Amino acid sequence: MKKLFSILAIFPILLVAQIQSPKDFLGYELGEKFTRHHQVVDYYNHLSGNSEAVVLQQYGKTYEDRPLILAFISSKENLENLENIRRDNLKRAGIIEGIPGTNIPIVWLSYNVHGNESSSTEASMATIYELIREGSDKSEWLEKAIVVIDPCINPDGRDRYVNFYWQYGSQPYNPDPNAIEHNEVWPGGRPNHYLFDLNRDWAWQTQIESKSRIKVYNQWLPQIHVDFHEQGINSPYYFAPAAQPYHELITGFQRDFQKEIGRNHAKYFDENNWFYFTKQFFDLLYPSYGDTYPTYNGAIGMTYEQAGHGRAGLGIIKQEGDTLTLKDRIAHHYTTGLSTIEIAVNNSDRLLRQFGSFFGDNASLKYKTFVLKYDGNEDKFNAIKAWLDDQGIEYGNANAKLKGYDYQSGRMTDFTISSTDLVVSTNQPKATLAHILFEPKTKLVDSVTYDITAWGVPYAYGIQAYASEQNIAVSKSVQSDFKAVVAPEKAYAFICKWNSMDDARFLAGLLKNDVKVRFTQKPMDYKGESFDRGSLIIAKRDNKNMPDFESKITQLANENERTLSVIQTGFMDGGPDIGSSDVRYLKKPKIALLGHEGTSSLAFGATWHFMEQELQYPVTILGTDYFNRIDLSEYDVLLMQSGWYSSLEEREMKKMMEWVAAGGKLIAVEDALNKLKDSDYSSLSAYVDEDEKKKAEENEKKREEAARLVSYEDQEREFIKGFAPGAIYKVKMDNTHPLAFGYGDTYYTLKTGSNKVAYLDGNNVGIVTDKDDLMSGFTGQYAKEDMAGSLVFGVEEKGRGQIVHIVDNPLFRSFWQNGKLLLVNAMFFVGQ
């Protein structure tokens, strides 16, 4: 390395001369064509290989094996001292001990989180070249800052869009909005491989791209983070300051500095007579965005939105007759990117000082201690600990008596902390982030929001919790490792309790290895140990042809870190015996998932990801466009995720219902229920009877009459009276039903819509009984009234088969961890 730098010192001009512009390297001007991801990576490799101002890091790979890269851009001296600068920044935040010895701010620019918002990756190449090219007046900035560029957060989605455009785009481009090049095919390029919206995944990190990115992000914690986006083709450019509601814990400096950045951008946009807007639509509340997550980690987190999205292509005619070109879009993102770096450099001392203050001031936080009560479910607590580790949030144990808010009752109460409980104190560097993620109720200054209004982590994990305003000392939690067990010499059967997704993966592994499994429908006892409904029984008799039965089952259990109970007799001390009819044989199901046109790509993708990456059980994806040609008798379970299914007409629906009646199992989720509700295909209805329907119609008429008198300005607020944009409700569960095995008598559901479904004639497994069952988040006045007496989960018997009705999607963004076992129950237990 020393030899390399000595050569560079002798020939610095030669080195800079070797740097090619994007045009010279790619063979075309940026904006003339779309650049595929591998070409972008090649260009960044070219720059890092030929410039002493660029260091490249690969921080991961996508599901489709594309590299995820970061470029660190700064002066030679700063890059040689990069590790010290990074550590000093973490010292400034209190993440590691020590006093910072450097004062270099970090500006992080993230591009193309949505694959079809494609101008930003192109703009990233223009931006980095301008920073390092010979003769650039921006080079002096690099002596005063570290610029981090992630040129493409979502390479799989980007290439899906770019390949679409290369296939369907006219040459030269056709600006007519009706042209096929401006109308993507399902699922579009926005999401990643599994069709997740990565801009909603920053906090939850369910996707490999997010998990890889946040790991390195938390190693740096920049002072400024920008997430570059695109919006509708007729929208002017959007930049900070953001719209209300702001989360109340966003500091005064964070709010004010956004305005300073916005004014700096405005200066350049005014010079070019470019339209722009601020303070509208894009708020700072939901914690899992590319602007809010950095904000709650001390940064000035911002979203920049350029017109274009997946419709604009290389050029498109807008409503006023102007043509919006890719070159225009690149120029706008290029301008705000450089303007952001400029204002950071000019305010570096203030940025660093306020950044340090953010992590040092916890007095303004309402809650000082969050307590998660240990209920014996080690899997659930290991899962939340792993997630907290990913966030960099500290946790531990304590013994104390406190007063606090009870998440289950919604009231203040006295409670005791035991040594096995998990405690998250706000006396730590990541206090603000922890508070926002755990707070039982989020304060809303404006109910018109861009996203969901509730996300309380204890609800999402299904853990009893308390939030206290009292401070206590917390000792570090010790993680216990799983210890593999030795196979018994002899076993009549093995029993595995049914409590978690870890148990579900074990079941999936057993079935994939052709192990025959039973499950109990009633609680049973053996030698002082209790086994609740859903517990798995692997009997030697069922697997009599398996050589080395005890060793094979123990091996599978160890691989899945499951502790099994060894049973030496079929005679139970309590509850049904192994041979009882209450211990059901579990037929290995062949599962299919409907996808393609007419389905929600997000909901479909979440299920696809769940089956392959989480449950790890085979699923066959069936396309709606050829559904009429499919022989459904080849499948036991059909998953019908949220969607509108316009291509499934009467013939296809009759075919589906005949399959159900013959013994098939249909699992319909969220908006898919609209295909069944108030139809000949199902007994599902919005109303219990004609009287309720008549009363609802009268109420709706009154609401419509009232709405007529609402002013134009207030029409949006009138609309949200009937909407539930992500609120948490208490659900009464019948946990004697197979659909609810592994749950208690209460579940907390995340409602992201106001779809009202009446109780079924029977098998109402999960219901909202009262309008006051709202635990957290906003629900409009009318939606709240309608929610009382509504179904959340139910099973309809139809011939020899079943329809499982799931009103609230338990796989929404894949972060509602406590709902996932319910879907497994629906696939494996219901109807067996």
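Residues numbered from 1 in each chain as written. Predicted model: local features only at pLDDT ≥ 70, side-chain atom pairs only at ≥ 80, totals over all residues. Heavy atoms only, no water.

A. How the structure looks around the overall build of the chain. When you go through the chain residue by residue, the secondary structure sums to 24 helices and 36 strands. Against the compact-globule benchmark of 28 Å for 832 residues, the chain has a radius of gyration of 28 Å, which places it among compact chains. Along the first, second and third principal axes, the C-alpha set of the chain runs to 85 × 60 × 55 Å. If you sum the accessible surface of the chain, you get close to 33700 Å²; carbon and sulfur atoms cover 46% of it. Mean positive and mean negative side-chain charge positions of the chain (90 and 112 charges, respectively) differ by 3 Å. (Helix = DSSP H or I, 4+ residues; strand = E, 2+ residues; numbered from the N terminus. Rg over C-alpha atoms; globule rule 2.2 N^0.38 Å. Areas by Shrake-Rupley, 256 points an atom, 1.4 Å probe, with all protein chains shown as cover. Lys, Arg positive; Asp, Glu negative; His and termini not counted. Charge placed at Lys NZ, Arg CZ, Asp CG, Glu CD.)

B. Up close: the sheet that holds strand β25 (residues 565–567). Pairing within the open sheet is antiparallel, and its five strands lie in the order β25-β20-β24-β21-β26. What marks the edges here is a single partner per strand, and that holds for β25 and β26 (583–586). The sheet shows a mean angle of 30 degrees between the axes of neighbouring strands, taken without regard to direction. Pairing between strand β20 (residues 493–496) and strand β24 (residues 536–539): four bridges, direction antiparallel. If you follow F494 over to β24, its bridge partner there is I538. Against the sheet, helix α17 (residues 501–512) touches β20, β21 (517–520), β24 and β26, its axis set at about 30 degrees to β24. Along the sheet, helix α18 (residues 549–559) makes contact with β20 and β24, crossing β20 at roughly 15 degrees. (Pairing = 2+ DSSP bridges. Axes fitted to C-alpha atoms, helices over the stretch in contact; angles between N-to-C directions. Contact = heavy atoms within 4.5 Å.)

C. Representation of the pattern of salt bridges. The tally for this structure, following the rule as stated, stands at 35 salt bridges. When the shortest N-O distance is used, the salt bridge between E320 and K318 registers 3.2 Å. Residues K751 and D808 are paired through a salt bridge, measuring 3.0 Å at the closest nitrogen-oxygen approach. On the criterion of sequence distance, the pair formed by K751 in strand β32 (residues 746–751) and D808 in the loop between β36 (801–806) and α24 (820–828) is long-range, its members being 57 residues apart. Under the relative-accessibility criterion, K751 is labelled buried at 1%. Look at D808 and you get buried, because its relative accessible area is 6%. Within the structure, one salt-bridge network assembled from shared partners comprises E117, R190, D197, R200, D451 and R813. (Salt bridge = Lys/Arg side-chain N within 4 Å of Asp/Glu carboxyl O. Buried < 20%, exposed > 50% of the residue type's maximum accessible area, 1.4 Å probe, protein only.)

D. Quick peek at helix α13 (residues 348–360). Its 13 residues give α13 an end-to-end C-alpha distance of 19 Å, which sits within 8% of 18 Å, the value for a rise of 1.5 Å per residue. Where α13 is concerned, the buried positions are S348, L351, L352, F355, G356, F358 and F359. Around the axis of α13, the buried residues are gathered within 150 degrees of arc, so they sit on the same side. The exposed set on the far side of α13, more than 90 degrees from its buried face, consists of D349 and G360. (Expected span 1.5 Å × (residues − 1). Arc of directions from axis to C-beta.)

E. Looking closely at the packing of helix α7 (residues 119–132) against helix α12 (residues 326–346). In contact at an axis separation of 8 Å, α7 and α12 are set at 50 degrees when each is read in the N-to-C sense. Taken together, α7 and α12 sit at an angle that is classed as oblique. Along this stretch, α7 crosses α12, giving a crossing that reads as right-handed. Contacts between α7 and α12 involve S119, S120, E122, A123, A126, T127, E130 and L131 from the former and L326, R329, I330, H333, Y334, L338 and I341 from the latter. The residue inventory of the contact of α7 with α12, partitioned by class, reads eight nonpolar, four polar and three charged. (Parallel < 35°, antiparallel > 145°, perpendicular 65-115°, else oblique. Left-handed = near helix turned anticlockwise from the far one by under 90°. Nonpolar A, V, L, I, M, F, W, Y, C, P; charged D, E, K, R; others polar.)

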